[in-house]
Amino acid sequence: MGILYLVPTPVGNMEDMTLRAIRILKEADLILCEDTRTSGILLKHFEIKNRLMSHHKFNEHASSAGIVNRLKAGETVALISDAGTPGISDPGFFLAREAAANGITVQTLPGATAFVPALVSSGLPCDRFCFEGFLPQKKGRKTHLESLAEETRTMVFYESPYRVVKTLEQFAEVFGADRQVSCCREISKLHEESVRGTLTEVIAHFKETEPRGEFVIVVAGKERVKSSDRKKQTDKNL
């Protein structure tokens, strides 16, 4: 059998591409990508002359069976997304699951992803966190946010610049306006920036300064109540 490689690609700076990723893309029998135009630029930059085939959220269910058959026949297939690690808010999960279910080796290379640098540089606890990715745009959005009201871990979200202010305002309604947040934009690009503070402060900033670029929003979890403080409050109520 062949091997399915999930290969991270730069989210900004081309220098974030690993040597192993370049080698795998050169050696693979086939490279799957979201957009052949976007990935074509990447391949040209690294002088990778290989066949590209579209594999995105609109066709992954239909095309996965054929790809699995090619892997069973011994081909090596590499999957990339437009930016970052496949499967993280990008196509990748379905094909990886199908390949694994058919006994095919699935290997994911370490590499670029947007949320890790945003989380680590946020100044918020990163020993325990939950990755939420993109929130539902309409149906189920409010319910999903309310389900996170008691979450004590640091929370990580992806958001487009067009919805940043609205999303932050919704966070303030659910989590409280004084909750700490870090908004990181343009990760690994020339204008990378992190704006930190309370939700009130960061909302005010982006109402004055138009949000630009893709965002990773890192929100502090709900502060845990210490057992000693809980006991004091209980005694006081008695």
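All figures in this text were calculated on a predicted structure; none of them were measured in a lab.

Procedures and definitions
- Residues numbered from 1 in each chain as written.
- Predicted model: local features only at pLDDT ≥ 70, side-chain atom pairs only at ≥ 80, totals over all residues.
- Heavy atoms only, no water.
- Helix = DSSP H or I, 4+ residues; strand = E, 2+ residues; numbered from the N terminus.
- Contact = heavy atoms within 4.5 Å.
- Areas by Shrake-Rupley, 256 points an atom, 1.4 Å probe, with all protein chains shown as cover.
- Lys, Arg positive; Asp, Glu negative; His and termini not counted.
- Charge placed at Lys NZ, Arg CZ, Asp CG, Glu CD.
- Pairing = 2+ DSSP bridges.
- Axes fitted to C-alpha atoms, helices over the stretch in contact; angles between N-to-C directions.
- Phe/Tyr/Trp six-rings, centres within 6.5 Å; stacked < 30°, edge-to-face > 60°.

Engineer: Could you clarify how one ought to interpret the overall build of the protein chain in this entry?
Structural biologist: Secondary structure assignment for the protein chain yields nine helices and ten strands. For the protein chain, the C-alpha atoms occupy an extent of roughly 70 × 40 × 35 Å along the three principal directions. Counting contacts in the protein chain only where the partners sit at least 6 residues apart, residues at least 24 apart contribute 72% of the total. As displayed, the protein chain offers around 13,200 Å² of accessible surface, 51% of which is attributable to carbon and sulfur atoms. If the 32 positive side-chain charges of the protein chain are averaged to one point and the 31 negative ones to another, these points end up 3 Å apart.

Engineer: What's the story with the sheet that holds strand E6 (residues 129-134) in this structure? I'm lost.
Structural biologist: Sheet strands line up and pair through hydrogen bonds in the backbone, either parallel or antiparallel. In spatial order, the strands read E6-E7-E10-E8-E9; together these five strands make up an open sheet with mixed pairing. Edge strands, defined here as strands with exactly one partner in the open sheet, are E6 and strand E9 (193-198). Strand-to-strand twist in this sheet, taken as the mean axis angle between neighbours without regard to direction, amounts to 15°. One ladder, built from five bridges, connects E6 with strand E7 (residues 154-159); its direction is parallel. Opposite cysteine 130, over in E7, you have methionine 155 as the bridge partner. Of the strands in this sheet, E7, strand E8 (180-185) and strand E10 (215-219) touch helix H7 (residues 164-175), which is tilted by about 10° from E10. This element, helix H8 (residues 199-208), spans E8, E9 and E10 of the sheet and lies at about 135° to E9.

Engineer: Explain the packing of aromatic side chains to me, please; I cannot follow it from the model alone.
Structural biologist: Following the criterion strictly, the structure yields seven aromatic pairs and no others. Summarising the aromatic geometry, the rings of phenylalanine 131 and tyrosine 158 are spaced 5.2 Å apart at their centres and angled 75° between planes, so their arrangement reads as edge-to-face. Residue phenylalanine 131 is located in strand E6, and its partner tyrosine 158 is located in strand E7; the two are separated by 27 residues in the primary sequence. Measuring from ring centre to ring centre gives 5.6 Å for phenylalanine 134 and tyrosine 158, while their planes differ by 65°; the resulting arrangement is edge-to-face. Of the two residues, phenylalanine 134 is situated in strand E6 and tyrosine 158 in strand E7; the sequence distance between them amounts to 24 residues.

Engineer: Sorry if this is basic, but what is going on with the sheet that holds strand E3 (residues 52-54) here?
Structural biologist: Pairing is parallel across the open sheet formed by five strands, whose spatial order is E3-E2-E4-E1-E5. One side of each edge strand has no neighbouring strand; the edge strands of this open sheet are E3 and strand E5 (105-108). Strand-to-strand twist of the sheet, defined as the mean angle between neighbouring strand axes without regard to direction, takes the value 25°. Bridge count between strand E1 (residues 3-6) and E5: four bridges; the pairing is parallel. Opposite tyrosine 5, over in E5, you have glutamine 107 as the bridge partner.

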